[in-house]
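If you want the building blocks of each chain, they are given just below.
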Amino acid sequence: MSEDTETADDQQLAVVVHKPRSEVAIESLRAEGVYDDTRSVTEWTADSVAVPVTAPPQETQFREVVRQVGKRRLRTLDDHLRERGWTDAEIAAAPSSWAVLGSVVLVDIGDNPRPAEVGDALLALHGEAETVLARHGISGEHREPSVEVIAGDGDTETVHTEHGTRYSMDLAEVMFSPGNKAERARMGEIVSEGRGTRPSERASGEAASEGGERVLDMFAGIGYFTLPMARAGAHVTAVERNPTSFRFLVENVMLNDVDERVQPYRADCRDVVPGFASEGRADRIVMGYYESHEYLDSALDALTPGGVLHMHEATPNSLVFDRPIERLEAAAGEANRAVEVLDTRRVKEYSEGVAHVVVDAKIQ
């Protein structure tokens, strides 16, 4: 048999999907149990990719099923770098983690001497991606990212799908933390339609939310927590003062078909709270900002008795979870309200020696 002769095993199944929705398709194929992760996703036409499958899918949308030469996937970044001639010592200095967000790979490149080769290897590893961005940090009042294109076509706008929620964003302009994935999903799980505060638990004269919790997201960003909560049935007032993030917040509300459940405001949350509270206080408040303790007085003004507060903080490891709880209890004491801590969580490492934590508390 010649080297050009294809055996039956060489001919494998793949489904052709529109390139911009490849991430959604792969997630769906995984859920069906037919995604073949032993082979690479490859370009099929200029606007489509061939995604390897073990059998024709029954639930995932696709253009066509095709036969594709079964090129085995190089399973790791190390494999790809070794194929490019990297030594073991060089590979040891390569990035150990990265995130695929839609068509963009986001990676902390560190001081690696050959970032372009790392970028090309990541594109080879993730055939559905088109751009690799090196992340250099977050700075400024609006927490703007510093990134650098190291491979691919350089398009930094993408749509990332996570547990069914779609996030449109420009990763060169707005922050998106892959490490917060579990927390975003959790916020969609803890609210459900019809689970608003019981009338007996409300202060006199406050209106109940119709068909779901009344939620205030004080630092909404592009909709990190707003979107999963609204998709779960909550009615969310989402406040964001960064104009770029706010633009994507509005776009994402429409993208996820939750425009009837989300009221977005481009403002400082302190300016929104008085009007919000006058219409009826929140069953739940999300404070997804590392210095959220500075806004606890406003949050407590907006939260109904018996409501739940989710307070985020960047806390030195030696003070986890004492500092955020003490700050919350002090603010509640000044407002003559009692605190019942429901849960505490480490979300991720914020920086060396500092953890991103969340405290969930019921406030009477």
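Note that the structure is predicted; figures quoted are calculated from it, not measured.

The rules behind the values
Sequence order as written defines residue numbering, which begins from 1 separately in each chain. At least 70 in pLDDT is required for a residue's local features to be given in this predicted model, at least 80 for side-chain atom pairs to be given and counted, and no such filter applies to totals for whole chains, interfaces and linings, which use all residues. Just so you know, side-chain values use all the structure's heavy atoms and leave hydrogens and water out. Note on pairing: two strands pair once DSSP finds at least 2 bridges between them. Note on conventions: DSSP H or I runs of at least 4 residues are helices, E runs of at least 2 residues are strands, and numbering of each starts at the N terminus. Geometry is summarised by axes, namely lines fitted to C-alpha atoms with helices restricted to the contacting stretch, and by angles between N-to-C directions that run from 0 to 180 degrees. Note on contacts: a residue pair qualifies if any of its non-hydrogen atoms lie within 4.5 Å across the two residues. Using a 1.4 Å probe on the protein chains alone, a residue whose accessible area is under 20% of its type maximum counts as buried, one over 50% counts as exposed, and one in between counts as partly exposed. Place the viewer so that the strands point away; then a crossover is right-handed whenever the path from the first strand over the helix to the second strand goes clockwise. A cavity here means a set of 1 Å grid points, computed over protein atoms only, where a 1.4 Å probe fits but cannot escape. A pocket is an open set with protein on both sides within 12 Å along at least 5 of 7 lines, and lining residues have an atom within 4 Å of a point. Grid points are joined across faces, edges and corners, and a volume is the space filled by probe spheres set on the points. All residues other than Ala, Val, Leu, Ile, Met, Phe, Trp, Tyr, Cys, Pro, Asp, Glu, Lys and Arg, Gly among them, are scored as polar; the first ten of these are nonpolar and the last four charged. As used throughout, domain bounds are those supplied by an automatic or database domain assignment. Note on terminology: a nonpolar core comprises buried Ala, Val, Leu, Ile, Met, Phe, Trp, Tyr and Cys residues joined through side-chain atoms within 4.5 Å.

Participant: I would appreciate a short explanation of the sheet that holds strand 6 (residues 104-107) in the present structure.
Facilitator: Strand pairing in a sheet is mediated by backbone hydrogen bonds. Such pairs are either parallel or antiparallel. Within the open sheet, the four strands sit side by side as 5-6-7-8. Their pairing is mixed. In this open sheet, the two edge strands, each paired with only one partner strand, are strand 5 (98-101) and strand 8 (144-152). Shown here is a sheet whose adjacent strand axes are inclined to one another by a mean of 30°, direction ignored. For strand 6 and strand 7 (residues 131-139), the ladder comprises four bridges, and the chain directions are parallel. Residue pairing for strand 7: Leu-106 is matched across the bridge by Leu-133. Most of the contacts of helix 4 (residues 115-125) go to strand 8, to which it runs at about 75°, and overall it touches strand 5, strand 6, strand 7 and strand 8.

Participant: How should the pairing of strand 6 be read in this particular structure?
Facilitator: Residues in a regular strand project their side chains so that they alternate between the two faces of the sheet. Where burial is concerned, the two faces of strand 6 agree: the one with Val-104 and Leu-106 and the one with Val-105 and Val-107 are both buried. Bridging between strand 5 and strand 6 involves four bridges; their strand directions are antiparallel. Paired with Leu-101 across the strands is Val-104, a residue of strand 6. After leaving strand 6, the chain enters helix 4 and then returns to the sheet as strand 7, a path that is right-handed.

Participant: Before we go on, may I ask you to explain the layout of surface pockets in this structure?
Facilitator: If a probe the size of a water molecule is rolled over the atoms, the empty space left behind becomes visible. For the largest pocket, the calculated volume is near 980 Å³. Listed by contribution, the elements that provide at least two residues to the lining of the largest pocket are strand 5, strand 7, strand 8 and strand 16 (339-351). By residue class, the composition of the lining of the largest pocket is 23 nonpolar, eleven polar and twelve charged. Each of domain 2 (77-155) and domain 3 (174-197 + 212-363) accounts for three or more of the residues forming the lining of the largest pocket. Approximately 590 Å³ is the volume attributed to the second largest pocket. Forming the walls of the second largest pocket are 23 residues, and the residues nearest its centre are Glu-23, Ile-26, Arg-30, Val-100 and Glu-128.

Participant: I keep staring at unusual backbone geometry and nothing clicks. Help me out?
Facilitator: Peptide bonds are mostly trans, and most non-glycine residues show a negative phi. Following Val-320, the chain continues into Phe-321 via a peptide bond in cis, with omega recorded as -10°. The residue Phe-321 is located in the loop between strand 15 (303-316) and helix 10 (322-334) in this model. One non-glycine residue, His-163, lies in positive phi territory at about 55°. Structurally, the position occupied by His-163 is in the loop between strand 9 (157-162) and strand 10 (165-170). Residue classification places His-163 among the exposed residues on the basis of a relative accessible area of 51%. Unusually for a residue other than glycine, Asn-336 sits at a positive phi of about 60°. Mapping Asn-336 onto the fold places it in the loop between helix 10 and strand 16.

Participant: What should I look at first to understand the nonpolar core in this one?
Facilitator: In summary, soluble globular proteins display a tendency toward joint burial of nonpolar side chains. Ranked by internal contacts, the top residues of the largest apolar core, which has 31 residues, are Met-169, Leu-171, Phe-176, Ile-222, Met-229, Val-236 and Val-262. Sorting elements by how many residues they give to this core places helix 7 (residues 243-255) first, with four residues. Sequence-distant contacts of Val-236, defined by excluding residues within four places in its chain, comprise Val-215, Asp-217, Thr-226, Met-229, Ala-230, Arg-261, Val-262 and Gln-263. Membership of the second largest hydrophobic core comes to 30 residues, among which are Met-218, Ile-285, Leu-328 and Ala-361.

Purely spatial values, then, with no claim about function.
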